Amino acid sequence: MFIADFHIHSKYSRATSKDCVPESLELWARRKGLDLIGTGDFTHPAWREELSKKLVPSEEGLYTLKDEYRMPDDVAGEERRPRFILSGEISSIYKKNGKVRKVHNLILLPGIEQAEALSHRLEAIGNLHSDGRPILGLDSKDLLEITLDVCPEAIFIPAHIWTPHFSLFGAYSGFDDIKECFEDLTGYIHALETGLSSDPPMNWRLSALDKYTLVSNSDAHSPGNLAREANIFNTSLSWPHISEALQNRNTDEFYGTIEFFPEEGKYHYDGHRNCKVCFKPSDTDAASGICPVCGGRITVGVLHRVESLADREEGFVPPSAKHFESLVPLPEVISASIGLGTASVKVGKKYNELLHSLGPEFFILREAPLGDIERKA
């Protein structure tokens, strides 16, 4: 088995860490216990140039960091060589069926050459130089059509599908039905990214999603946030096997996901962040959707949106449901244990000590015997 996080960003995306470079991303993949990470931002020309300089092909459709760029670390356990896969997120803002739509889509490609070709096509439509996650006035269906025209084997995944303002099912600028978005090309969509503010049981409440592989990724804007969510594959580490696993919904090639607790996601509940108002859907309904602090409309969150589209009761488990496990990130576990913030020096020191003595974060959270953790911590 291997663990993959496809959706990340580079230093060329807005509001991201300057450390989002191949060297640091590869280092933190080792620290987290990731076997495969997306490159993010393949549409940005400077980022593609950097990837071409620092990566070398490995298995079909995958890359590794060149030895001269690897940063030393002292994580215990077997030596890891995380792979990279070409990935990028594109923001589409357009009008369809009388409404403004704002949808983010994640695209995976089997090589830098395909990324160059698709970016060249997209440059004729919008600016790819100012942001690693470009904003294009392009219908999601048209983006899918162009992607398949350039690279028929591309993997096209609607991103964080429940986010209120920028997603396929977003309450404010999305759709109620995936077919309304992608029309006759809907059959080329095989996977959906559920996002940090929802988990598989929430998505299982919609029978319309049963045919899709539900993936989870970190959408990391800094290397330390890699693997907040991730995917577990029970197949070989290569582009063809990854593609087949995402399409073969009824096998265990795609084994399942590692999840953030959705309540920790900033869009899970309804509310107003500046007003410090956080409501469950029933509270919002009781308040007639009005913020008690400022009198404005309350922002509808993911849980509320899921409930509005669900055709099953809470707790329903479809026969084809995949394995999932919900984890609290190790720095938060340490923080809660010693009563200090996650950014404190003591928490960071203890985190590094545990990685040095026990192994990567996923090993500690998922496999290490509690007795070993007690002795080392």
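Novice: Quick question: what am I supposed to make of the layout of surface pockets here?
Specialist: Approximately 560 Å³ is the volume found for the largest pocket. Together, 22 residues line the largest pocket, and Thr-163, Leu-196, Asp-219, Lys-266 and Tyr-267 are the ones closest to its centre. Its residues assigned to classes, the lining of the largest pocket comprises six nonpolar, 10 polar and six charged. Put simply, the second largest pocket is a space of about 430 Å³. Forming the boundary of the second largest pocket are 22 residues, of which Lys-32, Gly-224, Asn-225, Pro-329 and Pro-331 lie nearest the centre. Of all the secondary-structure elements, those providing two or more residues to the lining of the second largest pocket are α1 (22–32), β12 (254–259), α10 (330–338), α11 (345–357) and α12 (361–366). When grouped by side-chain class, the residues that make up the lining of the second largest pocket number 13 nonpolar, four polar and five charged.

Novice: Sorry if this is basic, but what is going on with the nonpolar core here?
Specialist: Note on soluble globular proteins: their nonpolar side chains tend to be buried together. Ranked by internal contacts, the top residues of the largest apolar core, which has 62 residues, are Leu-34, Leu-109, Leu-122, Leu-168 and Leu-192. The contact partners of Leu-192, leaving out residues within four places of it in the chain, are Ile-157, Pro-158, Ile-161, Leu-168, Ile-178, Leu-209, Tyr-212, Thr-213, Leu-214 and Val-215. Counting residues in hydrophobic clusters, the runner-up holds 19 residues, among them Leu-36, Leu-62, Leu-108 and Val-215.

Novice: How should I be thinking about a nonpolar patch on the surface in this particular structure?
Specialist: Together, Phe-261, Val-328 and Val-333 make up an exposed nonpolar region whose accessible area comes to about 200 Å². With respect to the element layout, Val-328 can be found in the loop between β15 (323–326) and α10. Judged by relative accessible area, which is 35%, Val-328 ranks as partly exposed.

Novice: Help me out: how do you make sense of the packing of aromatic side chains in this one?
Specialist: In this description, a pair of aromatic rings is defined by centroid distance and the angle of the planes. A full pass over the atoms with the stated rule returns eight aromatic pairs. Ring geometry for Trp-28 against Tyr-351: centres 6.3 Å apart, planes inclined by 20°, an arrangement best described as stacked. Here Tyr-351 lies in helix α11 and Trp-28 lies in helix α1, a separation of 323 residues in the sequence. Accessibility expressed as a relative area gives 22% for Trp-28, which makes it partly exposed. Here the aromatic cluster, defined as three or more aromatic residues joined through ring pairs, consists of Phe-2, Phe-6, Phe-233 and Phe-254. When the ring centre of Trp-28 is taken as origin, the NZ or CZ atom of Arg-31, which lies over that ring, is 4.6 Å away.

Novice: Honestly, helix α9 (residues 302–309) in this entry has me stumped. Any pointers?
Specialist: An α-helix turns once per 3.6 residues; consequently, residues spaced three or four apart project the same way. Within α9, burial applies to Val-302, Leu-303, His-304, Arg-305 and Val-306. The inward-facing, buried residues of α9 abut α6 (200–203), β13 (270–272) and α8 (281–286).

Novice: I would appreciate a short explanation of the packing of α1 against α11 in the present structure.
Specialist: Packed helix pairs are specified by the crossing angle of their axes together with the interaxial distance, meaning the distance between the axes. Packing of α1 against α11 brings their axes to within 10 Å, and their N-to-C directions diverge by 70°. One finds that α1 runs roughly perpendicular with respect to α11. Facing Trp-28, Arg-31 and Lys-32 of α1, the residues of α11 in contact are Tyr-351, Asn-352 and Leu-355. Split by residue class, the contact of α1 with α11 holds three nonpolar, one polar and two charged.

Novice: I'm lost on a negative patch on the surface in this one. Help?
Specialist: Negative charge collects at one region of the surface, where Asp-283, Asp-285, Glu-307, Glu-313 and Glu-314 lie side by side. Residue position: Glu-314 is located in the loop between α9 and β15. For Glu-314, a relative accessible area of 69% corresponds to the exposed category.

What counts and how
- Residues numbered from 1 in each chain as written.
- Predicted model: local features only at pLDDT ≥ 70, side-chain atom pairs only at ≥ 80, totals over all residues.
- Heavy atoms only, no water.
- 1 Å grid on protein atoms, 1.4 Å probe; cavity = no way out; pocket = protein on both sides within 12 Å on 5 of 7 lines; lining within 4 Å.
- Points joined across faces, edges and corners; volume = space filled by probe spheres on them.
- Nonpolar A, V, L, I, M, F, W, Y, C, P; charged D, E, K, R; others polar.
- Helix = DSSP H or I, 4+ residues; strand = E, 2+ residues; numbered from the N terminus.
- Core = buried A, V, L, I, M, F, W, Y, C linked by side-chain atoms within 4.5 Å.
- Buried < 20%, exposed > 50% of the residue type's maximum accessible area, 1.4 Å probe, protein only.
- Contact = heavy atoms within 4.5 Å.
- Patch = residues over 30% accessible without salt bridge, like charges linked within 9 Å, V, L, I, M, F, W, Y side chains within 5 Å.
- Areas by Shrake-Rupley, 256 points an atom, 1.4 Å probe, with all protein chains shown as cover.
- Salt bridge = Lys/Arg side-chain N within 4 Å of Asp/Glu carboxyl O.
- Phe/Tyr/Trp six-rings, centres within 6.5 Å; stacked < 30°, edge-to-face > 60°.
- Lys NZ or Arg CZ within 6 Å of the ring centre and 35° of its normal.
- Axes fitted to C-alpha atoms, helices over the stretch in contact; angles between N-to-C directions.
- Parallel < 35°, antiparallel > 145°, perpendicular 65-115°, else oblique.
- Lys, Arg positive; Asp, Glu negative; His and termini not counted.
- Charge placed at Lys NZ, Arg CZ, Asp CG, Glu CD.

None of the figures reported here should be taken as evidence of function without further support.
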